[in-house]
Amino acid sequence: MLFWVLTTSVAGYVSARMYVGFRGEYKRLVYFGSLFVFPGIVFGIFFLINMTLWFSGSTAKVNFFTLLFLMGLWFAISVPLSFVGSFLGSRRAEYKYPTKTNTVHRPIPEGASSNSFLSILLAGLLPFGCVLIELRFILYALWQ
């Protein structure tokens, strides 16, 4: 958990450096997004699951003071480190990509199966079938 909190400076640095490399205009939005969106979603899901466990009377629930400690880690350590990483990433020189992209738009030729409903169905069915078969074997082994 501490390693995840300490690596927020890397997340801020990388997000700012990539956004500057793409010549973005809304830098502050990216800084706050890398700081609050993913950790906020993870903490929100964890909090909802913990509340469900708490109301059901489970012993697997996390103590309320531990949740406050996690929020303290997030706001006391993660927020400043993310801002430092974002500041350092935005102050670096723009990344020079090894290739030049042509600005002339060229149309992508329409293929025979690019919009076919059957190809879309098969592309989704194959990974779903593989996961379903593996899950069946795993659950069958657990039930035995």
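Residues numbered from 1 in each chain as written. Predicted model: local features only at pLDDT ≥ 70, side-chain atom pairs only at ≥ 80, totals over all residues. Heavy atoms only, no water.

It is worth spelling out the overall build of the chain at this point. Counting its regular elements, the chain contains 5 helices and 0 strands. Helices (α) and strands (β) of the chain occur, in sequence order from the N terminus, as α-α-α-α-α. In terms of overall dimensions, the chain is more spread out than a globule: its C-alpha atoms have a radius of gyration of 23 Å, far above the 15 Å expected for 144 residues. Taking the contacts inside the chain whose residues are at least 6 apart along the sequence as the reference set, 72% of them involve residues at least 24 apart. (Helix = DSSP H or I, 4+ residues; strand = E, 2+ residues; numbered from the N terminus. Rg over C-alpha atoms; globule rule 2.2 N^0.38 Å. Contact = heavy atoms within 4.5 Å.)

So, about the packing of helix H2 (residues 8–21) against helix H4 (residues 64–91). Relative orientation of the contacting elements H2 and H4 amounts to 30 degrees, with a least axis distance of 7 Å. Considered as vectors, H2 and H4 are oriented roughly parallel to each other. The element H2 and its partner H4 pack so that their crossing is right-handed. Facing Thr-8, Ser-9, Gly-12, Tyr-13, Ala-16, Arg-17 and Val-20 of H2, the residues of H4 in contact are Ser-78, Leu-81, Ser-82, Gly-85, Ser-86, Leu-88, Gly-89 and Ser-90. Partitioned by chemical class, the residues of the contact of H2 with H4 number 5 nonpolar, 9 polar and 1 charged. (Axes fitted to C-alpha atoms, helices over the stretch in contact; angles between N-to-C directions. Parallel < 35°, antiparallel > 145°, perpendicular 65-115°, else oblique. Left-handed = near helix turned anticlockwise from the far one by under 90°. Nonpolar A, V, L, I, M, F, W, Y, C, P; charged D, E, K, R; others polar.)

Spanning 30 residues, helix H3 (residues 27–56) covers 43 Å between terminal C-alpha atoms, matching the ideal 44 Å at 1.5 Å per step. At Gly-33, H3 is bent by approximately 35 degrees, the largest bend along its length. Among all positions of H3, only Val-30, Tyr-31, Leu-35, Pro-39, Phe-43, Asn-50 and Met-51 are buried. The inward-facing, buried residues of H3 abut helix H1 (2–6), H2 and H4. (Expected span 1.5 Å × (residues − 1). Bend = angle between axes of the 7 residues up to and from the residue. Buried < 20%, exposed > 50% of the residue type's maximum accessible area, 1.4 Å probe, protein only.)

A separate point is the packing of H2 against H3. In contact at an axis separation of 9 Å, H2 and H3 are set at 150 degrees when each is read in the N-to-C sense. Classified by the angle their axes make, H2 and H3 are roughly antiparallel. Crossing of H2 against H3: the hand is right-handed. Along the contact surface, H2 presents Ala-11, Gly-12, Ser-15, Ala-16, Tyr-19 and Val-20, while H3 presents Lys-27, Val-30, Tyr-31 and Ser-34. Taken together, the residues of the contact of H2 with H3 sort by class into 6 nonpolar, 3 polar and 1 charged.

The next point concerns H2. In this model H2 runs 20 Å from its N-terminal to its C-terminal C-alpha over 14 residues, within 8% of the 20 Å that 1.5 Å per residue would give. Turning to H2, its buried residues are Thr-8, Gly-12, Ser-15, Ala-16, Arg-17, Tyr-19, Val-20 and Gly-21. Where H2 is buried, its residues contact H1, H3 and H4. Of the residues flanking the end of H2, it is Arg-23, one or two places downstream, whose phi is positive at about 60 degrees.

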